[in-house]
Amino acid sequence: MLETIVRPATKLALLRMLLIFGGLGFIEASVRLGWIDRFFLASPLQAVEVLWSQLVGGNALYLIMITLYEIAAALLIATVVGLLVGFILWRYRLIGASYETLLAALFASPVILAYPIFLVIFGRTSAAVIILSSFFGTVPIILNTKSAFQQVNPILLQVGASMNLTRQRMFRHILLPAAAPAIFGGFRLGLTYILKSVLGLEYVVQVGGVGMWLSEAAFRFEVGEVYAGLVGTTLLSILFLFMINRAEFLVRK
Amino acid sequence: MNLEVMQKTSASAAGRARAPAAVQLFTLIVFLFSWQMIGKTGSIFAELFPPITDILQSLWIYVSTPILIPHLAASLYAVLGGLLVGALLGIPLGVIFGSSPSFMQVTEPIILYLAVVPKIIVFPVFILFLGIGTHSKLAVGAIAAFFPIALLTIAGMREVRSVFLDVARTLGASKLKIATKVYLPAIAGYIFTGLRIGLGASVTGALLAETKIARAGLGFMIVEYYGQFRMADMYSLLLLIFILAALANWGMKALFSLLLPLPRSSQNFGEFV
């Protein structure tokens, strides 16, 4: 009966909501009934209440704006550098073959632990967070850009050559559109890494936006605020990923 | 004549294969030489770039004396413990989730969205529950390792072809037999890849947590040296961590490729690390 009324996608969404709110309800009940000490765990309602009060009357919106600014700045740097270097690595085969493995190896190592170096150069400022985070976004964009150009169907290039297109026109009308979906995959990955890095570094270094708020609340042992910060950071991450997925869907369409 | 052409072709192919390695070596030499010169002359950020020789000297002290052993032990406990807990939770949950497509349909987006949240931000919660000792770092390592392991196990479960299950059932195989003879060989490669990626995630998570609040550990030492502005010691410690992480990754890769070939499709899981 339910299946005839509700579309499968809506049914899935409802089930997900039921699962999420069921879990949150269980935590709420556990805290209210005293099964878990309030010193360790704030009830979800308390966390949302604190988050709302910070959004309305506190400086949560300002902190979110700082985080968004850091993400946007890091993405801009990563995009410009990533596209340029990715194109060079594809255009010059020897350079590509030489540095692709080096970049991948560097990316696989725990580079984020080198953040004190950036603190020395840029101080405890957003600039340190932006520059280091942009590295995490740049590498996937470089590798995906190179791979995207490599995967362009050679027949398309032959068609362009037979039409006597100039190099600029070939790039603009054939190479770039053909490589765009795969390049966007790199953006998606890059933005995901930037998001994780910005929020993580803000928390560790205690500078910038939402991550810093979480860190300060933890130092003050404000349990409600810790969980509010956690909820806010998680929601921000989820919102970003949702937007990236939507954008990728639209690009591929 | 043909032999000569073939020899020339094979020589040029070998040359082409060696060329990237030569460029990499050249880049490394130029990088090290430039750093050494900057360090010696103090022309750019004098305190920030100590000479390479100072860094290597410091590294030698780490490997030849027991100075770092308590910190290495604390970090290894957090990282390997984190990997173990992550695997103990991730593999069974991955199997359960992966074996139920309808349940997976409901939960998959939730898991994928949560996988992208930076795990270090859960550290204050672990501090509340477990204190500032090693266990809270182990917990960060565990949650960081959990997602790649669970997600790759789920991916492996999805790859199990239903025809294999049908054949096993037709032959009257018990549930245990199906699990050990059909599922396990099919998903082992994915689990191994998950463990390898999980190790990297655990290293990053646990050591990053150590840089925040700790009393021991390699991450703690990095921040200590940074606080004391002992840059050569900090660089050598970072170098040591990179070398150890690379060796662990390489060792796991070699071990797993000996045990079974890794699935190609399980390589593109970077975003969940």
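Bear in mind that the values here come from a model prediction, so they are computed numbers and not experimental data. Here, residues in each chain are numbered from 1, in the same order as that chain's written sequence. Ligands are numbered from 1 and chains lettered from A, in the order in which they are written. Restriction of local features to residues with pLDDT of at least 70 applies here, the model being predicted, together with a cutoff of 80 or more for giving and counting side-chain atom pairs; totals for whole chains, interfaces and linings are based on all residues. Each side-chain value is worked out from all heavy atoms of the structure, with water and hydrogens disregarded.

K.L.:
Lay out the overall build of chain A in plain terms, naming residues and giving numbers.
P.N.:
By the criteria applied, helices consist of DSSP H or I runs no shorter than four residues and strands consist of E runs no shorter than two, each listed in order from the N terminus. A count of helices and strands for chain A gives 11 helices and 0 strands. Reading the secondary structure of chain A in the N-to-C direction produces α-α-α-α-α-α-α-α-α-α-α. For the radius of gyration, the atom set is restricted to C-alpha positions; the globular benchmark scales as 2.2 Å times the number of residues to the power 0.38. What you see for chain A is a C-alpha radius of gyration of 23 Å, clearly larger than the 18 Å of a compact globule of 253 residues, by over 25%. Overall size of chain A, expressed as C-alpha extent along the three principal axes, is 75 × 65 × 30 Å. For the exposure calls, accessible area comes from a 1.4 Å probe over protein chains only, and a residue counts as buried if that area is under 20% of its type's maximum, exposed if over 50%, partly exposed in between. Per-residue burial for chain A yields a buried fraction of 45% across its 253 residues. The accessible surface values rely on the Shrake-Rupley method and a 1.4 Å probe; as for residues, cover is taken only from the protein chains in view. Counting every atom, chain A has about 13,200 Å² of accessible surface; 70% of that belongs to carbon and sulfur. Counted as positive: Lys and Arg. Counted as negative: Asp and Glu, with His and the chain ends omitted from the count. Just so you know, the charge point we use is NZ for Lys, CZ for Arg, CG for Asp and CD for Glu. Distance from the positive charge centre (18 side chains) to the negative charge centre (11 side chains) of chain A: 19 Å.

K.L.:
Any chance you could break down the side chain of T211 of chain B for me, citing the residues and the numbers?
P.N.:
If you trace the backbone, T211 of chain B turns up in helix α8 (residues 175-212). Definition of a polar contact: a pair of N or O atoms within 3.5 Å, with one able to donate and the other able to accept a hydrogen when the atoms are protein atoms, and with sequence-neighbouring residues admitted only if both atoms are side-chain atoms. There is a polar contact of 3.0 Å between the side chain of T211 of chain B and the side chain of Y115 of chain A. A polar atom in the side chain of T211 of chain B sits 2.5 Å from the backbone oxygen of L208 of chain B. Other than its neighbours up to four places away in sequence, T211 of chain B contacts L113, Y115 and V204 of chain A together with G219, F220 and V223 of chain B. Between two residues, a contact is recorded if the distance between any of their heavy atoms is within 4.5 Å.

K.L.:
Just give me the short version of the interface of chain A and chain B, but keep the residues and values in it.
P.N.:
By convention, interface size is frequently given as the accessible area that disappears when the constituent parts associate. Taken residue by residue, the interface counts 54 residues in chain A and 50 residues in chain B. Between chain A and chain B lies a buried interface of about 4,500 Å² when both sides are counted; carbon and sulfur atoms form 78% of it. Buried area adds together the accessible area that both of two parts lose upon being put together, with accessible area traced by a 1.4 Å probe. When the area that chain A buries against chain B is broken down by residue, the three leading residues are L113, K196 and Y203 of chain A, summing to 15%. We count a salt bridge whenever a side-chain nitrogen from Lys or Arg sits within 4 Å of a carboxyl oxygen from Asp or Glu. Taken together, chain A and chain B are joined by 0 salt bridges. Inspection of the chain A/chain B interface yields 9 residue pairs in polar contact (both at pLDDT 80 or more). Listed by contribution, the elements that provide at least two residues to the side of chain A that touches chain B are α2 (8-32), α5 (93-108), α6 (115-122), α9 (167-205), α10 (210-219) and α11 (223-252) of chain A. Looking at the side of chain A that touches chain B, the element that brings in the most residues is α11 of chain A, giving 11 residues. Tallied by class, residues from the side of chain A that touches chain B come to 39 nonpolar, 11 polar and 4 charged. We call Asp, Glu, Lys and Arg charged. Ala, Val, Leu, Ile, Met, Phe, Trp, Tyr, Cys and Pro are nonpolar, and the rest, Gly among them, are polar.

K.L.:
Tell me about the pattern of salt bridges, residues and numbers included.
P.N.:
Residue and element names in this part refer to chain B. For the structure shown, the criterion picks out 6 salt bridges over all chains. Across the pair R158 and E108 runs a salt bridge, and its minimum N-O distance is 2.7 Å. Note that R158 is positioned in helix α6 (residues 134-159) and E108 in helix α4 (residues 101-116), a separation of 50 residues in sequence.

K.L.:
Please give an account of the domain arrangement of chain B that cites residues and values.
P.N.:
Residue and element names in this part refer to chain B. Each domain's limits were defined by an automated method or a database of domain assignments. By domain assignment, chain B separates into domain 1 (1-49) and domain 2 (53-272). Contacts between domain 1 and domain 2 engage 6 residues on the former and 5 residues on the latter. Of all residues in domain 1, W35, E47 and L48 bury the most surface against domain 2, accounting for 73% of the area lost on that side. At the boundary of domain 1 and domain 2, one finds 0 salt bridges. Applying the counting criterion to the domain 1 and domain 2 interface returns 2 residue pairs in polar contact (both at pLDDT 80 or more). Of the residues in the side of domain 1 that touches domain 2, the class split is 3 nonpolar, 1 polar and 2 charged.

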